[in-house]
Structure formats: structure tokens, C-alpha cells
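One-letter residues, chain by chain:
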Amino acid sequence: MSNPTAGLNVTVIHYPAKFVPVEKNAALELAKLTGAAAITGQRAGKGLNVALASRGWAPAAQKTAGGAKNWIWLRVDEKGAGEVIASEGSGLFAAARLLAHGVSGATREKLAQGLLIKRSFSMNRPIWDGSFAQYWKSNRNFSPEHYAATLAEAGFTHIEVNSLQAAFPYEDSVPGEFYSQFYTYCPGFNHFIDTPLTRGIWPAQYLDANLERLKNLAALGRNYGLKPSVCLYEPRSLPERFFQRYPTLRGARIDHPFRSRLPRYTMAQDHPVTQQHYRMAVKNFMQAVPDLDAMSIWTNDSGGGFEHTASLYVGRNGGPFMIREWRSHEKIAEASGKSIGKFLRNLREAAAEKNPEFKLSLRIEPFKVEHEALKSELGRGVHWEGPSMLARGYSLPYSHPQYADQLGVAGGMFHCQLDEREKPELEKERAQGIEPILTYSPGPVWNQEPLIGIPWPRMIHARLTQLKSIGTDLVSAMGGLANTSAAPYSPNPLAIRAAQFFPDRSIDDVLAEEAARLAGPTHGPALAKAWALFEDAVTWQPIVPLFCGFGFCWQRTFDRPIVPDIEAIPAADRFYYERHGCFQHNNPGINDLGRDVLFELISRDSADKMVPRFDKNLLPRIAKTEKFIHDALLRASDDSQATRVLSDLRDRIRGYRHWATTLRSVAAWCSGVYGYLASTTAPQKQKYEKFLQASIDLELENARGFLDHFENSPTEFMVVSETGENTFIYGKNLGEHVRAKIRLMEKYRHKKPRIDREILWRAPADHPWPAGFEA
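For the structure given in this document, a descriptive report is provided here. (Residues numbered from 1 in each chain as written. Predicted model: local features only at pLDDT ≥ 70, side-chain atom pairs only at ≥ 80, totals over all residues. Heavy atoms only, no water.)

1. Topic: the nonpolar core
Stage number 1. Core analysis: the largest hydrophobic core is formed by 203 residues, its most contacted members being Phe189, Tyr656 and Met718.
Stage number 2. Looking at this core element by element, the count peaks at 16 residues for helix α18 (residues 640-678).
Stage number 3. Apart from the residues within four sequence positions on either side, methionine 718 is in contact with Pro450, Leu451, Ile452, Phe558, Phe706, Phe710, Tyr730 and Leu734. (Core = buried A, V, L, I, M, F, W, Y, C linked by side-chain atoms within 4.5 Å. Buried < 20%, exposed > 50% of the residue type's maximum accessible area, 1.4 Å probe, protein only. Helix = DSSP H or I, 4+ residues; strand = E, 2+ residues; numbered from the N terminus. Contact = heavy atoms within 4.5 Å.)

2. Observations regarding helix α14 (residues 507-538)
Stage number 1. In this model, α14 (32 residues) spans only 17 Å end to end at C-alpha, well below the 46 Å of a helix rising 1.5 Å per residue.
Stage number 2. At alanine 519, α14 shows its maximal kink, close to 125°; a proline, proline 521, follows between one and four residues later.
Stage number 3. The residue sitting at the N-terminus of α14 and contributing the capping side-chain oxygen is serine 506; that oxygen lies 3.1 Å from the backbone nitrogen of aspartate 508. (Expected span 1.5 Å × (residues − 1). Bend = angle between axes of the 7 residues up to and from the residue. Polar contact = N/O pair within 3.5 Å; in protein donor to acceptor, adjacent residues only side chain to side chain.)

3. A word on the sheet that holds strand β12 (residues 265-267)
Stage number 1. The strand order across the open sheet formed by three strands is β10-β12-β11, and the pairing between neighbours is antiparallel. The outermost strands of the open sheet, each flanked by one partner alone, are β10 (237-238) and β11 (250-253). (Pairing = 2+ DSSP bridges.)

4. Things to note about the pattern of salt bridges
Pairing between side chains becomes possible if they bear opposite charge and their charged atoms approach one another.
Stage number 1. Taken as a whole, this structure holds 57 salt bridges when the rule is applied.
Stage number 2. Between glutamate 153 and arginine 97 there is a salt bridge whose closest N-O contact spans 2.8 Å. With a gap of 56 residues between them, glutamate 153 in helix α5 (residues 144-154) and arginine 97 in helix α3 (residues 89-101) connect regions that are remote in the sequence. For the pair glutamate 153 and arginine 97, one class covers both residues: buried.
Stage number 3. Here glutamate 212 ties to lysine 215 by a salt bridge, and the two come within 3.8 Å at their closest N and O atoms. Of this pair, glutamate 212 and lysine 215 both sit in helix α6 (residues 204-222), separated by three residues, roughly a single helical turn.
Stage number 4. Accessibility expressed as a relative area gives 39% for glutamate 212, which makes it partly exposed.
Stage number 5. Given a relative accessible area of 31%, lysine 215 falls into the partly exposed group.
Stage number 6. Through salt bridges with shared partners, one network takes in Glu29, Lys32, Arg97, Glu153 and Arg497. (Salt bridge = Lys/Arg side-chain N within 4 Å of Asp/Glu carboxyl O.)

As C-alpha cells, this is what we get:
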């Protein structure tokens, strides 16, 4: 579709003299598009006027909008005169980008008369934003400015700003433990500010550096009209030296029994001193960022937890102020739920003193047992957040679209169905004064880590369209968009933009228009079909628990040798990948790909099902997509722009093939090793050994191909750290690690399958058990 603004005689753009940053930024964006001069003025002038609706520069827009809460007004006539108006800042920048790219479905005549665009969702925010704020923030070739602009253009309203300045948090730790690294993401209050109660616990320069980063990210968001928001794990633990000072404030023990070597406690949440501390903490946040608009509390994980809740790692526990001895589980759940509600209202009321519209939400899934008591405490500006109105813990009636036996997809990339019970449940919640915030998944975080730019726009669009159909007003995008500057042609943000601004338009038409814009009218149809083929392949991707998300990096999956007996490799030779893996010395994950601490990730039965699903369903569709893109590139060889876009997609499908093949190898290891160990006859064992050797052949070929792709591809197809690898992200040295993987696989591939099932009782290497105490 041609751009309806092309050729318009826009010569001057007016924006307010006393502007907010986004008004100037949107005006400059349009000036760049049209070649017009952008000037300030006290009032609307002759030409194109860019302003927020509160300026009153376009009475016709206000009248047309009526009672709509969140809207954009576009009017540009043949003489280049008109208005670009929005009810809020992110919409104003989005309007500029809409004009730049062509307003979907609009004609020159409609634009000249004036076009009112209403948002589908009044809040659409990224949450747990991997690349911008959280554990991938060191990813190379990442532009915060590009990311913020992409958020606004796609129809987001908020930007997540709680992010550490350094790569890792300042936390007490001891050798051999992992738990302190979980404080890397979604850092809580005590990593940014202190109060008189906690003063001196953390270095002042550490707090100041983190707070300065938070303020800078908020300022960046304002340039694009994005409201600052935070996602915190709270109540956070405090170091033991704090409780030596104030022993009566000791609350719940929240650390993970396996990953921690120190006990960690939160403050007793019902204590008046604790409540005062949190009120002051919120007020300090609001003083630093007065327009902070939303806060999401995640908890009972990663360094945070509420007292006496059933989902604490070590079980129900807490301080002495909430319950007395010998209460029933029902009474404890009731007291706990009420206490959580009180805690949340305390935070919200403190924030509302500065921002009466402040939105506070709690991630609901961890509280299956406390669910009803907790829900009765919400409302009055305190809401819950989750993937479904039917949330009762983590079990939800949503399964993989291709594999009915794979459950637990709610909130993830495959959650693109809608249960008919969702809408009436939403109506019940609203009758109680609660506005649930429902999540969707727009990118690789928790889905295809560490890849970026994998296209599945139709699934995203389906999820958002369904949320709109039941009347959802507030949504959160799990994990954010990832590294947008390294994946500039991804259609996923476009799908969000279409659902937000043009929900009645066919997603096929929207994608066809975008493909023509990116690759031109001749080769645009091929790009659109390549996206469709790629997404069709993705819909057949089996879910390998943990490994499809952060576990892929945790378990060092790209660079870890996949051999029948992992511990046949000497510890010194394994050090290169175990060094940053989520491995404790007695973690079964060291020698068993299907387990992590006490979790069974992949059972033999599920592994046996997954391998043929990769072989028959996913990998052939990837090959079909690769061939189509290869042929399309040959046809587009004389078109540099189309070649650039198609080459980018070619490199992403190849990266996806290597990733999927390695996932297949993980499942094959579990199928083969578990099958061998369970076999009772020599022929059975030989069958599994043959299967494992064929899988190792495939993974060796795949690893060599991945190494070439990683080191030679011009496309940034996965997140890579600029500052060095850590547990959550690979570094630029991944190629060296893959060479080591290949060498070790070749050397140890013929060892007999073996798993040390007694690893739980293993002593640390540097502190063996005393003589006579060996397990």
C-alpha cells in the first residue's frame, strides 16, 4: 500500500512552546518524514499541528472522540494542514510513526477528513523486560532509544525502568551457592533506595548508581510518551546482619533449599515498622520518578516471598505476628491472604499520594491455596496479574495447539486459544472492583531463548484479539520485545500495533502491507509467505520444559557436550561451561539433562514423544521454509532492499534450526539414556546405544553448523552479551565453547550411558566428607 502522506505539501509543523518531551519528539519525527520545518508556538498555527489533546488545539478531535479514554486523531489535507493529536503521549509518537509507515487501511480522502483511532487496551506494558531492563540488558547491538521508539510505535503505553546499573546485584553470598544471582532481574526497593531502617546495609554508591539508571530509563521513556513502570520481586530478603540488628523483624524464610547456602529472610510484613519502611520506600521511588504509573509485584521466588504462604520453597513459615500456633491450613491461608492484601494496599496508598491513578498489581499464580482469601482483599487500585481469568495456581485449561498432552502454555507464545468461561469471570471480577491485568507473550523470553526476531505475528495477534473480545482493558507483555535494534524487520511488533490500533483489519492484510513496505511490491509477497511458513513451523515446536526459556542458557545447552555419560568428561574439561551454569555441586542437572535440582524436566515418556515430533513435524517445516527463502533470495538478487530483508530472515531460520536441533538432542539424550538404563537385555541396550550414537552424529553436525553461523553470520540472530557471559546470557566467547563441545563429544561419545543417581549426597570437591562418612 502506498503511503497516504507521500506527496503531501507539509511545509511547517507546529508544536507547543512549553512542550513535554514527546510533543517535540513526535514533531521532529514528522519533520524528518516530510522535510518540513518544526517550530514551537503558543497556539495552533497554519500547517500541521502536533500536540496532546489536553492543549485543546483540535476541538474537532475532542468532539469526535466523545467519551473515549485513549485515542489518536489524524487529519492532513492536500495542503499539508491538519492535526496530529493524541490523548496521551505514547499515542502521539505512535501517530507520527503511523503516518511515516502508512496508516493501515486509510486512504488520502479519509486522512483529509480526519481519522479517529481508538486503542484496544488503555494499558499495554512490557513486564519482566529481558533486553531493556532485566537479565539481557548487556546484549550487544542494543539501542535503548530504538527500543523505546518501537514500544511506542507498537502501541505500548509504559516502559519498565527498574534495572541494575551493574551486571549483578550486591548481595551477601558464600562460595558454591547460586541464589544471589536470582536478584539480577526485577530488583526490589532495596537495590535503589534505603530508609533510616536499612541505612548502611548497602553501599550508598551502589544505591545511587542503580537509582540514577532508573531515573535515566524513565526519562528516555518520556521522550516517547511512555509511562514508567516497575516489576519487583517483593517482599525482598535482607541480609542476616540486618536481623542481628532487629531480630523481631525477622519474617519468612524465602531462599531455595538447593540453590542457596545461606538462609534468607524477609521482614515480618505485618509489623508496623515494616509497614512504615515500605511506605517510605515507595515515597522515595515516587520522589525519584514522580510520574511512576504502575508497579507489578512478583513474589515467592527469586529472593521474595510472603509469610505463611504455601508456595514458599521451604513451606509455610514466617514471623510471630500473623498467626499463632496450631492453626488449620485453612485459617493460615486466610490470614496470609488478608496480610498480603494489607501489604499491597499500604504500597498503593503511599504511591497514590503522588499519583492518584497509580496501578498496583500482584502476580496471582503462586497463591493457589490463598487464592480466595487474597482476591477478597483486592480492588481499590490493587489488582491481580496473570495469564487467564481462570487462574488457580499454575494449572490452566490451555494446551499446545498441536500437542494436546503438552499443558501449561497459558501466558506463553502458544496461548492463542480462548476458553468460553473467560468473559463471565472478567465480569465477576469487575463487579468486585478489580481490573485484572492479563498477560501475553510477544517475543523470545521464556519461549525461544536466546534467539531474537523469530516471527509468529499471527499467534500474537490472535491472543490480543481474543483478549479484546472478552473486554480486557489492561494487558502486559511478558518479557518485552527483546533486542529490537538487532531484529529491525520482525513482524511481531506490527502484530501488536495492528491489534491495538486496527483490531478489525485482517492480520493477513496488515502483514502483506508491511512485507511490501519492507521488500517492495515485487518481492513483498514472497516475504509475507516466508513469514507464514516460518510461523507454521514454529506452531509445531514442542515445548521442552525449562530449556525453551531461561533454562537454555542456564543449562549451557548450545555449548554443553551431549554424550551418554556426561561425568565421564573430567571436571577440569567441563569447567568452561559449568562455570556459568546453574549447577550446584550436588545438582542432578550436572549429569542428567532431564532433571534440575528436585524437578523432573523431561520424563522418559515425554522424551520418547518429543523426538519424533521434532523429526516429523518441526524440522521438515524448517527445511521447507529455508528452501523457500533461498529461492526467494535468488529471485531478488537484483534488489538490494529485498535481499537485505530476506537475508535477515534466512539467518534467523537457520539459527532457529540449530536451536531446535539442539533441543531435539536434549530430548533424544533423555529418551536414549533413560531407555538404556531401564533395559534388561543386551539387544535392548544395543538399540538405545545405536539411537544415541545417531543422535550424537546429528548434534555434532549441528554444532559445527551453529559454530559457523555464530561466527560468520552478518545477522544478530541471538542475544549475546557485550560485557561477558553469565548464567542468563552467552558471551562473545561462545564460539570457543562450541569448539570445546565438539572436541569433547568426539572424545567421549562412545562411553556407556550412566547417571550418578546418588549425586544429591555428594560432598563439595574441596571439602570431602570425613573418612567413614562417604555416602
